[in-house]
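Summary of structural features
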Protein chains: 2
Amino acid sequence: MNKIFFTPGPSALYFTAEQHIKNAIKNDILSISHRSKQYVSIHQETVESLKKLLNLPDGYHIGFTSSATEVWERISENLIDQNSYHFVNGSFSEKFHQAAQDLGKNAILDQVKPGSNHDLIAAVIPDNVELIGLAQNETSTGAMLPVADIEALKRNNPNKLLAVDSVSSLPITKYDFSMLDTLYFSVQKCFGLPSGLGVWIYNDKCLEKAQKLKEAGKYHNTYNSLLSIDKFAQKHQTSCTPNVLNIYLLGQVVKDMLNKGIDQIRQEAAYKSALIYNLFDTHEKLTPFVTEKKFRSVTIGVAEVTGGAEKLMSALSDKGMNVGSGYSQFKGKHIRIANFPTHSKEQMEMLVDSINGIDF
Amino acid sequence: MNKIFFTPGPSALYFTAEQHIKNAIKNDILSISHRSKQYVSIHQETVESLKKLLNLPDGYHIGFTSSATEVWERISENLIDQNSYHFVNGSFSEKFHQAAQDLGKNAILDQVKPGSNHDLIAAVIPDNVELIGLAQNETSTGAMLPVADIEALKRNNPNKLLAVDSVSSLPITKYDFSMLDTLYFSVQKCFGLPSGLGVWIYNDKCLEKAQKLKEAGKYHNTYNSLLSIDKFAQKHQTSCTPNVLNIYLLGQVVKDMLNKGIDQIRQEAAYKSALIYNLFDTHEKLTPFVTEKKFRSVTIGVAEVTGGAEKLMSALSDKGMNVGSGYSQFKGKHIRIANFPTHSKEQMEMLVDSINGIDF
């Protein structure tokens with residue numbers, strides 16, 4: 001029996017992914033050169049489909065990296081001269097802060113406790129800050145920032161680059177991309193693909209900043225520096241031999257999502273999310289970790305489990321359903337439930353019913 | 001009809017790879033967490049099998065990157081303070097030199113023309129050089145350095161780190177690893193896997209050098225810096241969500257190779273290579289690009305095609321066989337034939353017979 005993975009990433013494959021993998025093998029996609037016309041066409045199709053799904057405006061571009069972790073490094077190297085500002089409320093927003101600091105930047109830390117979130121509207125950022133980093137959806141805790149708050153932050157800081165971690169929330173979160181400058185995500189979350197590919201969205205302002213640092217001799221020039229990624233992206237290629245399979249699969253899954261309709265996908269996500277939080281609110285042994293309702297992630301539900309998570313997770317696993325464990329310090333104390341586009345309403349109902357039926 | 005890819009990378013899948021991909025799907029390998037016990041066990045098995053296949057001595061370790069291109073960057077950042085020396089005889093050895101230079105190192109260039117190779121035994125390297133880079137198998141031209149010459153170079157320069165590009169020749173080339181310090185390869189060549197994974201072998205001397213640079217404040221600290229890769233490798237993990245599928249597949253294919261026997265695989269490679277160079281030597285329109293026999297690559301045969309390569313490549317493609325085009329400046333002038341473990345003797349015989357039968 002194949003298990004249903006409600007883990008927050010890697011997660012269940014998108015329900016069409018297996019067939020696309022078989023087609024990739026059948027059509028020799030795994031053997032083609034990344035400099036061939038066939039690859040260029042696959043790359044272009046993937047990027048154009050993604051731009052359509054996300055409604056990216058002109059002046060926004062898409063590059064590929066090996067992971068979102070790599071994007072933290074490249075942003076820090078290529079878009080920050082000296083000062084960055086980091087809203088931190090969990091492990092992943094903290095790791096971006098750490099990456100910038102490790103690379104010698106004056107990375108200002110604005111930290112609130114895990115499970116809570118910042119008041120972005122009231123935030124005062126020093127004038128000399130060049131780039132603001134935040135996690136729209138903090139995968140470790142299930143705390144989400146409302147898009148309206150992010151937009152208010154940008155309006156209050158129009159001249160600073162805004163970098164948004166949407167690793168586990170795209171394409172569910174609906175952005176007006178013109179209100180942010182760069183965003184990144186991983187394909188093993190909401191897109192339901194094998195791990196090993198990060199997607200980096202950046203706008204012309206990012207390119208200008210990188211160019212400015214380059215001219216000032218302050219640019220860290222690597223094969224996957226922003227300007228190198230962009231140079232190849234303009235030719236529908238990558239700077240090194242990429243994960244061709246995943247770029248192909250991403251294009252196919254995005255097309256499936258376009259066919260289904262992004263509004264439909266988002267409506268289903270809202271319905272399934274309501275099921276999850278209703279469970280957390282009503283079950284006597286579960287408490288939603290994120291107390292303030294407006295900060296509760298749609299795509300990752302996190303609950304504290306009275307008496308520990310182990311018994312519940314193990315009983316669910318016996319029924320063929322894997323949920324995520326708590327992250328880092330919360331291992332054994334929390335469960336995390338992914339609510340991704342591949343998880344059907346019926347699967348989520350079954351999960352909730354099962355949890356209600358288990359004695360833990 | 002699936003084509004046979006004799007292209008030098010990405011190339012044909014190893015003949016068992018398709019079944020392993022199907023098993024990976026069946027066994028949920030694409031959905032497991034890279035922090036789970038199941039992943040740790042897969043990672044450990046892959047590394048241990050590889051160590052066995054390559055006969056790695058104690059004090060040699062294996063890390064994973066997204067590509068061999070990434071390894072050029074990490075070596076330059078973490079193993080060179082100021083001075084490196086690069087034997088360059090084609091595009092890939094040149095790119096390593098370029099990476100070190102781009103990262104601000106005094107990267108000394110020792111260049112011979114493509115298709116030829118250096119006299120490593122006579123080479124005199126300045127005392128202040130910390131690391132020597134060379135391509136044992138230059139994928140762009142099919143020029144190979146004999147292992148005995150590389151060992152002589154090391155004996156003459158015992159205190160310099162020796163970094164070997166074996167991107168397209170492992171596991172065919174048989175090294176005494178104690179005579180080199182770090183080596184890297186890509187899985188989409190001789191291992192016949194989908195692209196998107198690089199393998200980095202390094203010894204304790206590399207770790208000591210990185211540690212020394214760190215203590216001197218000259219270390220570039222990133223998630224995939226050498227010390228970070230090694231810290232996670234010790235726990236059978238990676239520093240970020242890796243290409244889990246490829247790490248699993250690599251382990252499976254290496255086990256298949258161990259079952260077949262590495263000696264048998266190398267003998268077959270020698271036989272197929274003899275077929276290729278016999279074709280080049282006897283066909284009136286083909287001339288081996290590497291004239292000196294001792295420098296002719298076993299795994300990549302490159303020939304100049306009188307009158308241009310296009311007609312031949314197209315006729316072969318019509319017969320279901322793809323060979324590689326010339327690299328960069330040699331596109332349209334050369335063909336490149338990969339002779340990897342997945343290419344059977346029968347396939348190579350068919351390719352040679354077909355070329356002999358085509359009017360081009």
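The structure displayed is predicted, hence computed values, not measured ones.

Assigned secondary structure in chain A consists of 11 helices and 14 strands. Taken over C-alpha atoms, the radius of gyration comes to 20 Å for chain A, in line with the 21 Å a tight globule of 360 residues would show. Structurally, chain A occupies a C-alpha span of about 65 × 55 × 30 Å along its principal axes. Going through the 360 residues of chain A one by one, you find that 65% of them count as buried. When contacts within chain A are restricted to residue pairs at least 6 apart in sequence, those whose partners lie at least 24 apart make up 71%.

Right, let's talk about the domain arrangement of chain A for a bit. Size of an interface: often given as the accessible area lost when the parts come together. Residue and element names in this part refer to chain A. Split into domains, chain A comes out as domain 1 (4–12 + 261–357) and domain 2 (17–258). Here the C-alpha centroids of domain 1 and domain 2 sit 26 Å apart. Taken together, the contacts link 29 residues of domain 1 with 31 residues of domain 2. Carbon and sulfur atoms make up 61% of the surface buried where domain 1 meets domain 2, a total of about 2400 Å² over both sides.

Positive charge collects at one region of the surface, where Arg35(A), Lys214(A), Lys231(A), Lys235(A) and Lys95(B) lie side by side. Of note, Lys231(A) is situated in helix H7 (residues 226–233).

Attention now moves to the relation of the copies chain B and chain A. Between the two chain copies there is a screw-like relation: a rotation about an axis and a shift along it. When chain B is fitted onto chain A, the two copies agree to an RMSD of 0.0 Å after a turn of 180° and an axial shift of 0.0 Å. On the angle and the small slide along the axis, the relation comes out as a two-fold axis. The position closest to the rotation axis in chain B is occupied by the C-alpha of Ser66(B), lying 3.0 Å away. Comparing interface residues between copies, 100% of those in chain B also lie at the interface in chain A; the contact surface is shared.

Another point: the sheet that holds strand E1 (residues 4–6) of chain B. Residues and elements named next belong to chain B. In space, the five strands of this open sheet follow the order E1-E13-E14-E12-E11, with mixed pairing throughout. Edge strands, defined here as strands with exactly one partner in the open sheet, are E1 and strand E11 (286–288). Taken pair by pair, the neighbouring strands of this sheet meet at an average axis angle of 35°, ignoring direction. The pairing of strand E12 (residues 300–305) with strand E14 (residues 334–338) spans five bridges and is classified as antiparallel. The residue of E14 that forms the bridge with Ile300 is Ala338. Contacts between helix H10 (residues 310–318) and the sheet are confined to E11, strand E13 (321–325) and E14, with E13 contributing the most and set at about 155° to the helix.

Conventions we followed
Residues numbered from 1 in each chain as written. Chains lettered and ligands numbered in written order. Predicted model: local features only at pLDDT ≥ 70, side-chain atom pairs only at ≥ 80, totals over all residues. Heavy atoms only, no water. Helix = DSSP H or I, 4+ residues; strand = E, 2+ residues; numbered from the N terminus. Rg over C-alpha atoms; globule rule 2.2 N^0.38 Å. Buried < 20%, exposed > 50% of the residue type's maximum accessible area, 1.4 Å probe, protein only. Contact = heavy atoms within 4.5 Å. Domains from an automatic or database assignment. Buried area = accessible area lost by both parts, 1.4 Å probe. Patch = residues over 30% accessible without salt bridge, like charges linked within 9 Å, V, L, I, M, F, W, Y side chains within 5 Å. Areas by Shrake-Rupley, 256 points an atom, 1.4 Å probe, with all protein chains shown as cover. Salt bridge = Lys/Arg side-chain N within 4 Å of Asp/Glu carboxyl O. Lys, Arg positive; Asp, Glu negative; His and termini not counted. Charge placed at Lys NZ, Arg CZ, Asp CG, Glu CD. Least-squares fit on C-alpha atoms with pLDDT ≥ 70 in both. Pairing = 2+ DSSP bridges. Axes fitted to C-alpha atoms, helices over the stretch in contact; angles between N-to-C directions.

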